Amino acid sequence: IAGITQAPTSQILAAGRRMTLRCTQDMRHNAMYWYRQDLGLGLRLIHYSNTAGTTGKGEVPDGYSVSRANTDDFPLTLASAVPSQTSVYFCASSGLAGQGELFFGEGSRLTVL
Amino acid sequence: QKEVEQDPGPLSVPEGAIVSLNCTYSNSAFQYFMWYRQYSRKGPELLMYTYSSGNKEDGRFTAQVDKSSKYISLFIRDSQPSDSATYLCAQSMGNQFYFGTGTSLTVIP
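Attention here is on the structure that accompanies the text. Just so it is clear, the structure is predicted and the values come from calculations on it, not from any experiment.

Tallying the contact residues gives 22 residues for chain A and 20 residues for chain B. Summed over both sides, the interface of chain A with chain B buries roughly 1700 Å², with 51% coming from carbon and sulfur. The tally of links from chain A across to chain B stands at one salt bridge. Our count for the contact surface shared by chain A and chain B stands at four residue pairs in polar contact (both at pLDDT 80 or more). At the level of secondary structure, the elements contributing two or more residues to the side of chain A that touches chain B comprise β4 (31-38), β5 (42-49) and β9 (87-94) of chain A. The biggest single contributor to the side of chain A that touches chain B is β5(A), with four residues. Here the residues of the side of chain A that touches chain B sort into ten nonpolar, nine polar and three charged.

For the structure shown, the criterion picks out seven salt bridges over all chains. One salt-bridge network, held together by shared partners, links A:Arg36, A:Asp38 and A:Arg44.

Residue A:Pro8 is bonded to the preceding A:Ala7 through a cis peptide linkage, with omega at -5°. Within the secondary structure, A:Pro8 sits in the loop between β1 (4-7) and β2 (10-13). At the junction of B:Gly9 and B:Pro10, the peptide bond is cis and its omega measures out at 5° in the coordinates. Positive phi, close to 60°, is recorded for A:Arg28, a residue that is not glycine. Within the secondary structure layout, A:Arg28 lies in the loop between β3 (19-25) and β4. Even without being glycine, B:Arg41 reaches a positive phi, approximately 65°. By relative accessible area, B:Arg41 is classed as exposed at 61%.

A separate point is the packing of aromatic side chains. Within this structure, the stated rule accounts for twelve aromatic pairs over all chains. Where B:Tyr36 meets B:Phe99, the ring centres are 5.7 Å apart and the plane angle is 55°; that geometry is what we call tilted. Linking B:Tyr36 in strand β4 (residues 32-38) with B:Phe99 in strand β10 (residues 96-99), this pair joins segments that are 63 residues apart in sequence. Linked through ring pairs, A:Tyr33, A:Tyr35, A:Phe90, A:Phe104, B:Tyr36, B:Phe97 and B:Phe99 together constitute an aromatic cluster.

So, about the nonpolar core. Residue and element names in this part refer to chain B. Core analysis: the biggest nonpolar cluster contains 23 residues, and Trp 35, Ile 72, Leu 74, Ile 76 and Tyr 87 have the highest contact counts within it. Of all the elements in the fold, those that place two or more residues in this core are β3 (19-25), β4, β5 (45-51), β7 (61-66), β8 (71-76), β9 (85-93) and β11 (103-108). Sorting elements by how many residues they give to this core places β3 first, with four residues. Here Ile 76 is in contact with Ala 17, Ile 18, Val 19, Leu 21, Arg 60, Phe 61, Asp 83, Tyr 87 and Leu 105, once residues within four sequence places are set aside.

Conventions and cut-offs
- Residues numbered from 1 in each chain as written.
- Chains lettered and ligands numbered in written order.
- Predicted model: local features only at pLDDT ≥ 70, side-chain atom pairs only at ≥ 80, totals over all residues.
- Heavy atoms only, no water.
- Contact = heavy atoms within 4.5 Å.
- Buried area = accessible area lost by both parts, 1.4 Å probe.
- Salt bridge = Lys/Arg side-chain N within 4 Å of Asp/Glu carboxyl O.
- Polar contact = N/O pair within 3.5 Å; in protein donor to acceptor, adjacent residues only side chain to side chain.
- Helix = DSSP H or I, 4+ residues; strand = E, 2+ residues; numbered from the N terminus.
- Nonpolar A, V, L, I, M, F, W, Y, C, P; charged D, E, K, R; others polar.
- Buried < 20%, exposed > 50% of the residue type's maximum accessible area, 1.4 Å probe, protein only.
- Phe/Tyr/Trp six-rings, centres within 6.5 Å; stacked < 30°, edge-to-face > 60°.
- Core = buried A, V, L, I, M, F, W, Y, C linked by side-chain atoms within 4.5 Å.

Structure below.
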């Protein structure tokens, strides 16, 4: 089934550790996004990529980095995790940046202790 | 001020009721308007999508956009327990999507 695959589904991490959340899509979409979802705050954009080779900062980029080496993969890295990064992370993609349907993965639930 | 404001609820209705979910937005340049449904511990999935203003109907769901008042609504007719979820309004402009915080809906059998 075509769509977005995120890994891991769930992870508990010690503060200060490095963590990479993986995201792969098989729809050949140009644009990809990383959001975090927190109770009462909704979905907040962390980083985005309009096309392979380019990335941009969203609303809450601090402490996170991304890369877009090819169309399909868009990993999110926490260089040194902190407890405030405990959240549910969603990867998403769309065929055209800012237009059409935004497809979401099932999420990665991260707990930083 | 957030780009999109949404009443968080929670909203609890009996089965068969008509549900009205609402959002307001601040930027008149928004062109694409969407409603997403999110079940517990799942990713959001697109429910309705409209471009510019007006109404769009799909089965029991009707999306309404009023650009003059910057107000969007989702109506659910004959609500079912399977409609119990969080509903997120979203708008897009340029290369960005903007989401409301979501309204939690429970339909009681």
